[in-house]
Amino acid sequence: MNIIKLSAIPSTNEHLKQLVAKQVVDNFTVVWALHQTTGKGQMGSTWNVEKGKNLTISILVKDLIVDVPQLFTLNIVVSLAVISVLENEKIPHLSIKWPNDIMSGNYKIGGILIENSIKTNGEVLSVIGIGLNVNQLFFENLPNASSLLKITGLEYDLEHLLNKILSALQFYIAQMRVEASSIWKMYHEKLFKIGVPAPFEKPSGEKFMAIIQKVTLDGKLQLLLENDELIFVDVKEIKLLY
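Residues numbered from 1 in each chain as written. Predicted model: local features only at pLDDT ≥ 70, side-chain atom pairs only at ≥ 80, totals over all residues. Heavy atoms only, no water.

Concerning the overall build of the chain
Along the chain, the regular secondary structure elements total five helices and 14 strands. Taking 2.2 N^0.38 as the reference for a compact globule, 242 residues should give roughly 18 Å; the C-alpha atoms of the chain span a radius of gyration of 18 Å, in line with that estimate. Judged by the C-alpha coordinates and their principal axes, the chain covers about 55 × 45 × 35 Å. Out of the 242 residues belonging to the chain, those deemed buried represent 49%. (Helix = DSSP H or I, 4+ residues; strand = E, 2+ residues; numbered from the N terminus. Rg over C-alpha atoms; globule rule 2.2 N^0.38 Å. Buried < 20%, exposed > 50% of the residue type's maximum accessible area, 1.4 Å probe, protein only.)

Overview of the side chain of Ser147
Inspection of the secondary structure assignment puts Ser147 in the loop between β9 (124–132) and α3 (148–152). A polar contact of 2.6 Å, which involves the side chain of Ser147, links it to the backbone oxygen of Gln136. Among residues more than four places away in sequence, those in contact with Ser147 are Ile109, Asn133, Val134, Gln136 and Phe139. (Polar contact = N/O pair within 3.5 Å; in protein donor to acceptor, adjacent residues only side chain to side chain. Contact = heavy atoms within 4.5 Å.)

Quick look at the sheet that holds strand β11 (residues 207–215)
Pairing is antiparallel in the open sheet, where five strands are placed in the order β13-β12-β11-β10-β14. The open sheet is flanked by β13 (230–233) and β14 (239–240), the only strands paired with a single partner. (Pairing = 2+ DSSP bridges.)

Quick notes on helix α5 (residues 180–189)
Taken residue by residue, α5 has Ile183, Trp184, Tyr187 and His188 as its buried positions. Buried residues in α5, looked at end-on, bunch into an arc of 135 degrees, giving them a common side. Among the exposed residues of α5, those oriented more than 90 degrees off its buried face are Lys185 and Glu189. As for α5, its buried residues are in contact with α2 (71–88), β6 (94–97), α4 (158–178) and β11. (Arc of directions from axis to C-beta.)

Remarks on the pattern of salt bridges
Evaluated as defined, the whole model comprises eight salt bridges. Among the ionic pairs, Glu115 bridges to Lys17, the shortest N-O distance being 3.1 Å. In this pair, Glu115 sits in strand β8 (residues 107–118) while Lys17 sits in helix α1 (residues 12–22), placing the two residues 98 residues apart along the sequence. The partner of Asp101 in a salt bridge is Lys108, and the shortest N-O contact between them spans 3.3 Å. (Salt bridge = Lys/Arg side-chain N within 4 Å of Asp/Glu carboxyl O.)

Notes on the environment of Asp228
Tracing the sequence through the fold places Asp228 in the loop between β12 (221–225) and β13. C-alpha separation for the pair Asp228 and Ile211, spaced 17 residues apart in sequence, amounts to 9.8 Å.

Focus: the packing of aromatic side chains
Under the definition given, this model contains six aromatic pairs. Between the aromatic rings of Phe72 and Tyr187, the centroid separation amounts to 6.1 Å while the plane-to-plane angle is 85 degrees, which identifies the pairing as edge-to-face. You can see Phe72 sitting in helix α2 and its partner Tyr187 sitting in helix α5, a full 115 residues away along the chain. With a relative accessible area of 10%, Phe72 lands in the buried category. For the pair Phe200 and Phe208, a centre-to-centre distance of 5.8 Å together with 20 degrees between the ring planes defines the contact as stacked. Per residue, the accessibility class of Phe200 equals that of Phe208, and both read buried. Grouped by ring-pair contacts, the aromatic residues Phe72, Trp184 and Tyr187 constitute a single cluster. Sitting over the ring of Phe208, Lys202 keeps its end group 5.7 Å from the ring centre. (Phe/Tyr/Trp six-rings, centres within 6.5 Å; stacked < 30°, edge-to-face > 60°. Lys NZ or Arg CZ within 6 Å of the ring centre and 35° of its normal.)

Brief notes about the sheet that holds strand β2 (residues 30–36)
Ordered in space as β1-β2-β5-β9-β8-β7-β6, the seven strands form an open sheet in which the pairing is mixed. Whereas interior strands pair on both sides, the edge strands pair on one side only; in this sheet they are β1 (3–9) and β6. For this sheet, the mean angle separating the axes of adjacent strands, direction not counted, is 20 degrees. When strand β5 (residues 55–62) meets β9, the two strands line up antiparallel, connected through eight bridges. Bridge pairing in β9 links Val61 to Ser126. (Axes fitted to C-alpha atoms, helices over the stretch in contact; angles between N-to-C directions.)

Rendered as structure tokens:
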């Protein structure tokens, strides 16, 4: 893999997308920033990190996704790759909060943002952004955020974690190519709050209780409401409270 290591940039995803727009970029090229000043998450949320304390990377993947319905499977692959590395590091109570936040118990320790572009020839380019809270101790105004250091009391080598995540990603991508159903099964086994009553909030502010049944192939959340009605929602339509 070609790893581009930078001291500080606004966003690893944006940097990698700009490279792709200007030149031919090899598959699995990685942009790694020691400090990301304007990182972003789902629906435009910001990802604030302390300089040199966390892992912020973006990875280019191309020639993998052949049709749009497979797009969410890539989210699953990346989530499971990160989870597998953290399990080997003995991080407890790991789960994936739909669609792709990495949790330890009720605390968020990482997030994934995948941005896809489809060329006129049908080729899909995916820029995979991964943010992992590693050695940061304080998260101002973020009561649900934590880090590996806060959880275990141990400091971690960022480059070691990077290499482990990249290896795991290649492994799970290979699994996706030959047996996507097993990938989905593993994802549901790790899904945060699946099968238990949980509070949700609509954009209007209305709150309600529901039970997560599963995630559909196109990435929608299937919920069982208190009146036994089944509904399907996407990430813009609902927020899971925790």
